[in-house]
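Topology and contacts: notes
Residue strings, one per chain:
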Amino acid sequence: MFLNTLTPKFYVALTGTSSLISGLILIFEWWYFRKYGTSFIEQVSVSHLRPLLGGVDTAAPNNNNSSSSSNSSSSNGETDSSRQSVSECKVWRNPLNLFRGAEYNRYTWVTGREPLTYYDMNLSAQDHQTFFTCDSDHLRPADAIMQKAWRERNPQARISAAHEALELEDCATAYILLAEEEATTIMEAERLFKQALKAGELCYRRSQTLQHHGTQYEAQHRRDTNVLVYIKRRLAMCSRKLGRTREAVKMMRDLMKEFPLLSMFNIHENLLESLLELQNYADVQAVLAKYDDISLPKSATICYTAALLKARAVSDKFSPEAASRRGLSTAEMNAVEAIHRAVEFNPHVPKYLLEMKSLILPPEHILKRGDSEAIAYAFFHLQHWKRVEGTYNSFRMIPYPLEKGHLFYPYPICTETADRELLPTVFHEVSVYPKKELPFFILFTAGLCSFTAMLALLTHQFPELMGVFAKAGSHGALKALHAGFTNGIFLSFYCIRNVL
């Protein structure tokens, strides 16, 4: 009787209110997921409803000492993991960074896009002040001018200051600035770096003889050493870019022998790339044997180069069909393990190697295990993977996201934020790993909102017809409920009679 008294307006109001409520729940769920990375309904159900339903783990320690020790160990574990997360998200200087004037600026002239972010350039300015200045720069007029130049934000002001310093004397850091920012070609940059080398060697020899006379002279010698290493490394990179790869390899080897303790420049990564260009895989393996050590910080270059060598050893004989029949050999298993290890360290690289995502110019700084490091690696090493037949498609067999591994610390959650500061997000979509899948309750509320909104629209357009359907559905549901209740009673009496 009650259902017969309901008007079509009631059904319109009912479906409209249901659609509004489900839409508000959907909006809140989406906002909560975007901010905290989890579903609010799911979190409430797990945190509050499960204990009420008896889902709490009852296996608790029996004494207070064990509980306190477990709490202290868990807190220590959280502290260690947080420290590891901070260290994993440290920003590093890109060892293969391009020349700002001859490469980055030329890209800007052609496309009108800025390949470097302000955050990236600010980090470079801090590096330059650390490497190329010291507290005693005010004693020499040219060094005092360059100390202000490295702090200058305007590129033209920096270049003008470098020219002003060169008018006073041959200043190595002034030549460095002009080679990096004013030179429009690699050949011009190489010419300026050669002039910087003459001035840098003179300053280095002078400070080397005076380094033990006091802390001031020691700081000068440390600065002159950094300047000399930087110049020689950039000259080797100029030779590599101009096609004189063997000369570049010799310069890098000599530099690593002369200054073996200066590992902050990561010159071995420049050497690995040049040796791969020469296809000198034996020397590449020798370099990896020295630097792919558990005590040294890893990089995408180290992990993926090791995977490339092991995959190259079996690529000519490997066949997926034959491997499925006879199983993997020891060499093939080692290659698979090396590829899994590389992908676990940086899961962003395969998309660039498979050309599933377009490359951009690499930034001047990278975040290890992040998208910025993947771009820097693939920009220079994609050609080496393509050159070895069979290894290029080895990443297609790897599942995504990668489940195998645990050879490194858990993937840090701070990489996305840092990469968005390092990469130009205006024309590049930052790769995110692992992908955040939408929780079930967001999909459920989205479906519920769409369904009720459709019912509200149909009820508004066809009120009489939808009223008939609603009444018929209600009567059908009541009949089904009544039939089920009656059958349940008869079944209960039947079971009781059989038991008696």
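First, a word on scope: everything that follows refers to the structure included in this document. Remember, predicted model here, so these are calculated numbers, not experimental data. (Residues numbered from 1 in each chain as written. Predicted model: local features only at pLDDT ≥ 70, side-chain atom pairs only at ≥ 80, totals over all residues. Heavy atoms only, no water.)

1. Some details on the overall build of the protein
Here is the rule: Each helix is a run of DSSP H or I of at least 4 residues and each strand a run of E of at least 2, with the numbering of both proceeding from the N terminus. The buried label applies to any residue whose accessible area, calculated with a 1.4 Å probe on protein chains only, is under 20% of its type's maximum; exposed applies above 50%, and partly exposed to all values in between. Contacts are residue-level and defined by heavy atoms, with any inter-residue pair within 4.5 Å sufficient. All accessible-area figures derive from a Shrake-Rupley calculation using a 1.4 Å probe, and residue coverage is judged against the displayed protein chains alone.
When its secondary structure is counted, the protein shows 21 helices and 2 strands. Among the 500 residues that make up the protein, the fraction classed as buried is 42%. A fraction of 71% describes how many contacts in the protein between residues 6 or more apart in sequence connect residues 24 or more apart. Of the roughly 28,500 Å² of accessible surface on the protein, a fraction of 59% belongs to carbon and sulfur atoms.

2. Here's the deal with the nonpolar core
Nonpolar side chains in soluble globular proteins tend to be buried together. Quick note on the threshold: Throughout, nonpolar core names a set of buried Ala, Val, Leu, Ile, Met, Phe, Trp, Tyr and Cys residues whose side chains join them through atoms within 4.5 Å.
Ranked by internal contacts, the top residues of the largest apolar core, which has 82 residues, are M146, I176, F193, I231, Y304 and L353. It is helix α14 (residues 300-315) that provides the largest number of residues to this core, a total of 9 residues.

3. Details of helix α6 (residues 141-151)
Definition in use: To be clear, the arc concerns the directions from the helix axis to the C-beta atoms.
Among all positions of α6, only A142, D143, I145, M146, A149 and W150 are buried. Down the axis of α6, the buried side of the element spans an arc of 155°, and every buried residue falls inside it. Exposed residues on α6 whose side chains face more than 90 degrees from its buried face are P141, K148 and R151. Buried residues belonging to α6 abut α5 (118-132), α7 (155-168), α8 (172-182) and α10 (215-241).

4. A short note on the environment of L123
Within the secondary structure, L123 sits in helix α5. When its relative accessible area of 14% is taken as the criterion, L123 is described as buried. Spatially, the C-alpha atoms of L123 and V91 are 9.0 Å apart, while their sequence positions differ by 32 residues. With sequence-adjacent residues up to four places away left out, L123 is seen in contact with V91, H365 and L422.

5. Looking at the packing of aromatic side chains
Quick note on the threshold: Stacked, tilted and edge-to-face are the three classes assigned to paired rings of Phe, Tyr and Trp, where Trp is represented by its six-membered ring and a pair needs centres within 6.5 Å; plane angles under 30 degrees give stacked, over 60 edge-to-face, the rest tilted. Two conditions define a charge sitting above a ring: the NZ of Lys or the CZ of Arg must be within 6 Å of the ring centre, and it must be within 35 degrees of the ring normal.
One pass over the structure, following the stated rule, counts 7 aromatic pairs. Ring plane angle 40° and centroid distance 5.4 Å describe the contact between Y304 and Y377, whose orientation is recorded as tilted. Of the two residues, Y304 is situated in helix α14 and Y377 in helix α18 (residues 371-387); the sequence distance between them amounts to 73 residues. Here Y304 and Y377 have matching classes, each one buried. An aromatic cluster of at least three residues, connected via ring pairs, comprises F131, F132, W150 and Y230. Here K90 stacks its cationic end above the ring of W92, 4.4 Å away from the centre of that ring. Above the plane of the ring of W92 lies K368, whose end atom (NZ or CZ) is 4.0 Å from the centre.

6. Re a nonpolar patch on the surface
Definition in use: Patch membership needs two things, relative accessible area over 30% and no salt bridge, and members are linked within 9 Å if like-charged or within 5 Å if nonpolar (Val, Leu, Ile, Met, Phe, Trp, Tyr). Each salt bridge in this description consists of a side-chain nitrogen of Lys or Arg and a carboxyl oxygen of Asp or Glu lying within 4 Å of one another.
On the surface, F451, M454, L458, F462 and L465 cluster together into a nonpolar patch covering about 480 Å² of accessible area. In terms of residues, the nonpolar patch owes the most to one element, helix α20 (residues 440-461), which gives 3 residues. Tracing the backbone through its elements, the reader meets L465 in helix α21 (residues 463-499).

7. Brief notes about unusual backbone geometry
Phi is positive for Q279, which is not a glycine, with a value near 60°. As for its placement among the helices and strands, Q279 is situated in the loop between α12 (267-277) and α13 (281-291). Classification of Q279 by relative accessible area gives partly exposed; the value is 44%.

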